Amino acid sequence: MNNIKLVRVDFRLIHGQVITKWRNIISATEIVIVDDKLSKDPFLADIYVMAAPPGVDVHVMAEDDFIKASQEWYFDTNKSNVLVLFKSIGNVRHLMARDVVFKEVQVGGLGGGVNRRSVVNGISIDDQDLQDLKFIQSQGTAVYFQVTPEEVKLTLDKAITRLEG
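These lines cover the structure that appears in this document, whether it is placed above or below. (Residues numbered from 1 in each chain as written. Predicted model: local features only at pLDDT ≥ 70, side-chain atom pairs only at ≥ 80, totals over all residues. Heavy atoms only, no water.)

Across its full length, the protein chain carries eight helices and nine strands. Taking 2.2 N^0.38 as the reference for a compact globule, 165 residues should give roughly 15 Å; the C-alpha atoms of the protein chain span a radius of gyration of 15 Å, in line with that estimate. By principal-axis analysis of the C-alpha atoms, the protein chain measures approximately 45 × 30 × 30 Å. Residues classed as buried in the protein chain amount to 48% of the 165 residues present. Looking at the protein chain alone, contacts between residues at least 24 apart form 71% of all its contacts between residues at least 6 apart. With the model as given, the accessible surface of the protein chain reaches about 8,500 Å², and the carbon-plus-sulfur share is 51%. Looking at the protein chain, you have 19 positive and 22 negative side-chain charges, and the mean spots of the two groups are 4 Å apart. (Helix = DSSP H or I, 4+ residues; strand = E, 2+ residues; numbered from the N terminus. Rg over C-alpha atoms; globule rule 2.2 N^0.38 Å. Buried < 20%, exposed > 50% of the residue type's maximum accessible area, 1.4 Å probe, protein only. Contact = heavy atoms within 4.5 Å. Areas by Shrake-Rupley, 256 points an atom, 1.4 Å probe, with all protein chains shown as cover. Lys, Arg positive; Asp, Glu negative; His and termini not counted. Charge placed at Lys NZ, Arg CZ, Asp CG, Glu CD.)

Here we come to the sheet that holds strand 3 (residues 57-61). As summarised here, the arrangement of the seven strands in space is 3-2-4-1-5-8-9, forming an open sheet in which the pairing is mixed. Two strands lie at the open edges of the sheet, namely strand 3 and strand 9 (154-155), each paired on one side alone. Relative to the sheet, helix 1 (residues 16-26) contacts strand 1 (4-10), strand 4 (82-86) and strand 5 (104-109), its axis offset from that of strand 1 by approximately 160 degrees. (Pairing = 2+ DSSP bridges. Axes fitted to C-alpha atoms, helices over the stretch in contact; angles between N-to-C directions.)

Let's shift gears to the nonpolar core. Nonpolar side chains tend to gather and get buried jointly when the protein is soluble and globular. Ranked by size, the top nonpolar core spans 38 residues in total, and within it F66, F102 and F145 carry the most contacts. Setting aside residues up to four positions removed in sequence, F102 forms contacts with M1, I4, V7, F66, F86, V92, M96 and T141. Counting 18 residues, the second largest nonpolar core, distinct from the first, contains V18, Y48, V56 and V58. (Core = buried A, V, L, I, M, F, W, Y, C linked by side-chain atoms within 4.5 Å.)

With that settled, the discussion passes to the packing of aromatic side chains. Throughout the structure, instances matching the rule amount to three aromatic pairs. Here F66 and F75 contribute two aromatic rings whose centre-to-centre distance is 4.9 Å and whose plane-to-plane angle is 35 degrees, an arrangement assigned as tilted. F75 carries the same exposure label as F66, and that label is buried. Seen from their ring centres, F66 and F102 are 6.1 Å apart, and the 45 degrees between their planes marks the pair as tilted. One end of the pair, F66, is in helix 4 (residues 63-71); the other, F102, is in the loop between helix 6 (89-96) and strand 5, and 36 residues separate them in sequence. Of the two residues examined, F66 and F102, each falls in the buried class. Among the aromatic residues, ring-to-ring pairing joins F66, F75, F86 and F102 into one connected group. (Phe/Tyr/Trp six-rings, centres within 6.5 Å; stacked < 30°, edge-to-face > 60°.)

Another aspect to go through is the pattern of salt bridges. As enumerated under the stated definition, the model contains eight salt bridges in all. Ionic pairing is found between R8 and D10, a salt bridge with its closest N-O pair at 2.9 Å. Taking the relative accessible area as the measure of exposure, D10 reaches 0% and is therefore buried. Salt bridges sharing common partners tie together R8, D10 and R12. (Salt bridge = Lys/Arg side-chain N within 4 Å of Asp/Glu carboxyl O.)

So, on to the packing of helix 4 against helix 6. Working note: a packed helix pair is described by the angle between its axes plus the distance between those axes. Relative orientation of the contacting elements helix 4 and helix 6 amounts to 45 degrees, with a least axis distance of 11 Å. When the axis of helix 4 is compared with that of helix 6, the two are oblique. Where helix 4 crosses over helix 6, the handedness of that crossing is right-handed. Every residue of helix 6 that contacts helix 4 at E63, F66 and I67 is listed here: N91, H94 and L95. A per-class count over the contact of helix 4 with helix 6 returns three nonpolar, two polar and one charged. (Parallel < 35°, antiparallel > 145°, perpendicular 65-115°, else oblique. Left-handed = near helix turned anticlockwise from the far one by under 90°. Nonpolar A, V, L, I, M, F, W, Y, C, P; charged D, E, K, R; others polar.)

As structure tokens, this is what we get:
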């Protein structure tokens, strides 16, 4: 999956400045949103397609379709720089439990709520998210928190120290 330049968890998916900044950093020409529910809702999926910057192809894929594309070497043979987006950490864990391997996973936007603890401004996680992130990292994937490119990456290990500290 050499053409995947960034795997990002952000519950907002495609949105304003942040996505534009990351797209520019990695020169993304394709965005793949992996979400089973969204893939079955053509109206909502079209909203994300229309929200993408000009010149960027957007594909909304179910998990099974993403796995099939990766097994068929799509992400190695296409000519695009790909940004892969997930709404939740659990979605990434689910794919990785099915033998999908990512070099890095960036957690970039998860809102607050009951039983959620702030990791950095704009990112909060609950106990299940933390367990899922530990699993992802145990698969050899580098996990870090970073909302915008201007911010310093916070590794999962450092975040755990902060949360437990």
